[in-house]
Amino acid sequence: MTPSLYNFIDAKDKFAASAKSALAGRTSKPLVNAFNQITGNEAEKKTTLDQSLRGVLGDQIVEQKASCDEYLSLIYISIDAVTEGICSATTPFLLLGDVLDCLPLDQCDKIFSFVEKNVSTWKSSSFYTAGKNYLLRMCNDLLRRLSKSQNTVFCGRIQLFLARLFPLSEKSGLNLQSQFNLENVTVFNKNEQESTLGQKHTEEKEDGMEVEEGEMGEEEAPAPCSIPIDYNLYRKFWMLQDYFRNPLQCYDKFLWMTFLKYSDETLAVFKSFKLDDMQASKRKLEELRTSPGEHVYFAKFLTSEKLMDLQLSDSNFRRHILLQYLILFQYLKGQVKFKSSSCVLTDDQTTWIEETTKLVHQLLKEIPPEGEKFSAMVEHILNTEENWNSWKNEGCPSFVKERAVDDKPKRPTRKRQAPEDFLGKGPDRKLFMGNDELTRLWNLHADNMEACKSDDREFMPSLDEFFAEAIEQADPANMVEDEYKVVRNSNYGWRALRLLSRRSPHFFQPTNQKFKSLADYLDSMVSKLAKELPKDIPSEEIKTGEEDDDDNGDNLLKESNDSPSMQNKMVSNQQMDDVAAKLGAKWKTLAVQLEMKASELREIETDSEDVDMQAKLLLVAWQDREGAQATVENLVSALNAASFSQIADNLSEA
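Since the structure is predicted, the reported quantities are computational estimates derived from the model, not experimental observations. (Residues numbered from 1 in each chain as written. Predicted model: local features only at pLDDT ≥ 70, side-chain atom pairs only at ≥ 80, totals over all residues. Heavy atoms only, no water.)

Before going further, it helps to examine the overall build of the protein chain. Along the backbone of the protein chain there are 30 helices and 0 strands. When the 654 residues of the protein chain are sorted by exposure, 34% land in the buried category. Put simply, 72% of the contacts in the protein chain that link residues at least 6 apart link residues at least 24 apart. Per element, the accessible surface of the protein chain, about 43200 Å² overall, is 50% carbon and sulfur. (Helix = DSSP H or I, 4+ residues; strand = E, 2+ residues; numbered from the N terminus. Buried < 20%, exposed > 50% of the residue type's maximum accessible area, 1.4 Å probe, protein only. Contact = heavy atoms within 4.5 Å. Areas by Shrake-Rupley, 256 points an atom, 1.4 Å probe, with all protein chains shown as cover.)

So, about helix α28 (residues 611-626). The α-helix winds at 3.6 residues per turn, so residues separated by three or four positions along the chain end up facing the same way. Helix length check: α28 (16 residues) gives 23 Å between terminal C-alpha atoms against 22 Å at 1.5 Å per residue, within 8%. Every buried residue of α28 is listed here: Gln614, Ala615, Lys616, Leu617, Leu618, Leu619, Val620, Ala621, Trp622 and Gln623. Elements in contact with the buried residues of α28: α23 (518-532), α25 (573-583), α26 (587-593), α27 (598-607) and α29 (632-641). Downstream of α28 by a residue or two, glycine 627 has a phi angle that is positive, lying close to 70 degrees. (Expected span 1.5 Å × (residues − 1).)

Evaluation of the coordinates by the stated rule reveals 30 aromatic pairs. Both rings, one in phenylalanine 244 and one in tyrosine 325, keep their centres 5.1 Å apart while their planes meet at 80 degrees; by these two values the pair is edge-to-face. Here phenylalanine 244, found in helix α11 (residues 231-245), pairs with tyrosine 325, found in helix α15 (residues 315-333); they are 81 residues apart in sequence, far enough to count as distant. Ring pairs connect the aromatic residues Tyr243, Phe244, Trp256, Phe259, Tyr325, Phe329 and Trp352, which therefore count as one cluster. Its guanidinium or amino end placed over the ring of phenylalanine 374, arginine 319 lies 4.4 Å from that ring's centre, counting from NZ or CZ. The ring centre of tyrosine 331 lies 4.6 Å from the NZ or CZ of lysine 339, which sits over that ring. (Phe/Tyr/Trp six-rings, centres within 6.5 Å; stacked < 30°, edge-to-face > 60°. Lys NZ or Arg CZ within 6 Å of the ring centre and 35° of its normal.)

Between proline 368 and the following residue, proline 369, the backbone shows a cis peptide bond with an omega angle of -5 degrees. Mapped onto the elements of the fold, proline 369 is located in the loop between α16 (347-366) and α17 (371-393). Phi at cysteine 396 is positive, roughly 55 degrees, even though this residue is not glycine. Mapped onto the secondary structure, cysteine 396 falls in the loop between α17 and α18 (436-442). Judged by relative accessible area, cysteine 396 falls into the buried class, the value being 9%. Positive phi is not limited to glycine here, since methionine 479 has a value of about 50 degrees. With respect to the helices, strands and loops of the structure, methionine 479 is situated in the loop between α21 (468-474) and α22 (490-503). Relative accessible area serves as the criterion here: at 70%, methionine 479 is assigned to the exposed category.

A separate point is the nonpolar core. Residues Val115, Trp122 and Phe161 are the most contacted members of the largest nonpolar core, which totals 54 residues. Apart from residues lying up to four places away in sequence, valine 115 is in contact with Leu96, Trp122, Leu135, Met138 and Phe161. One finds Met308, Tyr331, Val360 and Leu363 within the second-largest nonpolar core, a separate group that totals 45 residues. (Core = buried A, V, L, I, M, F, W, Y, C linked by side-chain atoms within 4.5 Å.)

Turning our attention to the pattern of salt bridges. Tallied over the entire structure, the rule returns 17 salt bridges. In this structure, arginine 54 engages aspartate 98 in a salt bridge whose closest nitrogen and oxygen atoms are separated by 3.0 Å. Here arginine 54, found in helix α3 (residues 42-63), pairs with aspartate 98, found in helix α5 (residues 91-102); they are 44 residues apart in sequence, far enough to count as distant. Between aspartate 242 and arginine 245 there is a salt bridge; the shortest N-O distance is 2.5 Å. (Salt bridge = Lys/Arg side-chain N within 4 Å of Asp/Glu carboxyl O.)

Attention shifts here to the side chain of serine 608. Locating serine 608 in the fold gives a position in the loop between α27 and α28. One polar contact links the side chain of serine 608 to the main-chain amide nitrogen of aspartate 610, over a distance of 3.2 Å. Discounting chain neighbours no more than four positions away, the residues touching serine 608 are Met613, Gln614 and Leu617. (Polar contact = N/O pair within 3.5 Å; in protein donor to acceptor, adjacent residues only side chain to side chain.)

On to the confidence of the model for the protein chain. Of all residues in the protein chain, 81% attain a pLDDT of 70 or more, and the chain-wide mean is 80. The low-confidence segment residues 277-283 (pLDDT under 50) makes 14 contacts with residues lying over four places distant or belonging to another chain. Low pLDDT (under 50) marks residues 537-564, which in the prediction has 9 contacts with non-local residues, meaning those over four places away or in another chain. (pLDDT = per-residue confidence, 0-100.)

Tracing the backbone shows serine 195 in the loop between α9 (152-165) and α10 (202-207). For serine 195, a relative accessible area of 9% puts it in the buried group. Separated by 3.3 Å, the side chains of serine 195 and glutamate 305 make a polar contact.

Put into structure tokens, the structure is as follows:
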């Protein structure tokens with residue numbers, strides 16, 4: 001007898017009826033009973049129930065008779081159905097999305113309060129994986145409907161909800177590539193002909209309301225603005241917002257000069273006209289100091305010319321602008337992983353930024369009320385932001401640390417005794433492997449694992465031993481043809497690459513030079529090693545004759561004299577190792593004196609995490625770039641300039 005086919009229409013009607021009865025009783029039991037009574041496989045019944053719940057919700061929305069509480073009751077029932085295992089985990093999120101799409105914004109506020117209260121439910125294992133993308137899409141749809149200036153609080157609640165929902169390491173909310181919101185354009189009057197600044201508003205004064213003497217106190221009289229505002233100051237002040245919007249413009253030479261000019265004029269106005277001299281009254285200042293919990297937030301700048309004098313006289317507005325400067329300077333000076341290699345500040349730019357940063361902090365301290373406290377708080381927040389940037393540059397590693405392994409010694413377990421004749425427990429303690437040769441090899445040593453760790457099994461040669469023949473063949477005086485050189489041997493090349501990866505920092509040093517074959521690459525490496533390795537490599541060629549004797553005599557004379565001057569003496573590999581070990585984590589200070597590019601520093605940090613190896617790679621990169629100019633004298637000069645005088649003295653004496 002064939003089983004009956006699943007009837008989708010009948011099942012949907014039964015689920016819809018049970019859903020309405022579940023709404024009336026505020027319980028999911030009718031749905032559970034209907035799910036158990038209907039025949040069919042579980043996947044089909046779950047899909048049908050999902051469609052039924054969305055259908056019931058759609059009917060409620062179309063009839064417009066249900067209230068928000070009834071919508072939420074249906075969503076609560078769907079959550080219980082997911083817990084009972086009779087409904088898909090995505091159904092509550094689909095219902096929420098349908099409700100928010102169909103309701104006006106004032107009712108969406110109440111629905112979203114329900115979403116906020118149940119954040120612990122959404123983060124549970126039953127709902128998080130299935131619903132995180134639905135919640136993110138739902139929040140983004142809401143943000144597109146809301147106005148940032150009129151619904152500021154609602155927008156902030158949505159952002160805080162997402163911050164609570166997703167973990168801190170969620171890369172979709174970290175802006176890893178440091179992109180800017182280029183759509184945030186500040187609109188202001190760019191036509192000087194339409195400007196009203198500088199005109200005498202005599203008509204406004206004549207038409208103004210007359211005030212009898214004694215009606216307004218002296219403290220309440222409005223203080224006239226003492227800042228000379230013209231259209232040039234207005235235009236230059238608001239043009240700075242374009243640089244705050246897109247800091248990459250500061251790396252352009254001509255745009256930087258414009259930014260420099262506008263900033264100097266704006267900060268000069270802040271410096272010349274202090275707020276203490278422009279306050280309308282002392283009572284107003286006291287009100288600012290004593291008002292608890294009142295905060296001013298500028299959702300969008302008002303760029304009217306008539307408000308310019310009031311804005312420059314407002315302490316919160318000044319703090320907003322000065323804080324923008326500090327954020328911009330931090331980005332320009334900071335190490336950002338995805339910043340282009342061409343985005344490098346010059347020495348003049350760095351000096352100006354450091355001086356202006358001090359000026360901005362001084363201006364923040366002078367702004368009432370509690371300027372000193374506000375400046376210290378801003379400095380602390382920006383320092384925390386540097387740690388955040390460093391964490392993002394490292395690839396956002398997890399904050400969850402693994403539990404330390406328990407160091408308590410484990411209780412030794414008793415091993416089962418094995419036959420003595422097989423495991424060598426007899427008088428001669430010999431282990432038989434079933435073959436004479438295997439038995440001999442196995443019993444060469446009492447403990448084979450310790451024998452494998454012996455120094456006698458260290459077969460890796462040193463660089464000078466392995467490349468001695470290649471260096472000798474590379475010398476043009478030996479006149480060895482290319483086809484007979486050892487670097488042309490593929491077996492030799494493979495072993496050379498393995499040795500270089502273990503022993504030589506040149507192997508990991510990036511280069512723009514292109515090689516057609518492995519032999520060409522090894523020729524280049526041999527020439528570099530020949531400069532670093534000791535010069536007393538024995539030669540296989542036997543020299544005879546008076547000419548050779550004269551050469552040897554000259555060499556002896558050279559060795560008997562004092563060591564060559566630092567001016568011509570090349571930095572050896574051993575000297576670089578010593579300097580790198582002493583520099584350690586301070587190698588970046590020397591990198592500035594060696595005029596290394598920011599892109600090269602990032603490559604060095606990427607190649608190795610060990611600070612000593614990073615310092616060694618820095619010196620190797622400098623030696624490759626300078627060539628014959630990589631002398632001890634030049635390195636000593638750079639060390640002295642970087643305040644490493646003790647290291648420089650040790651290098652000079654070596």
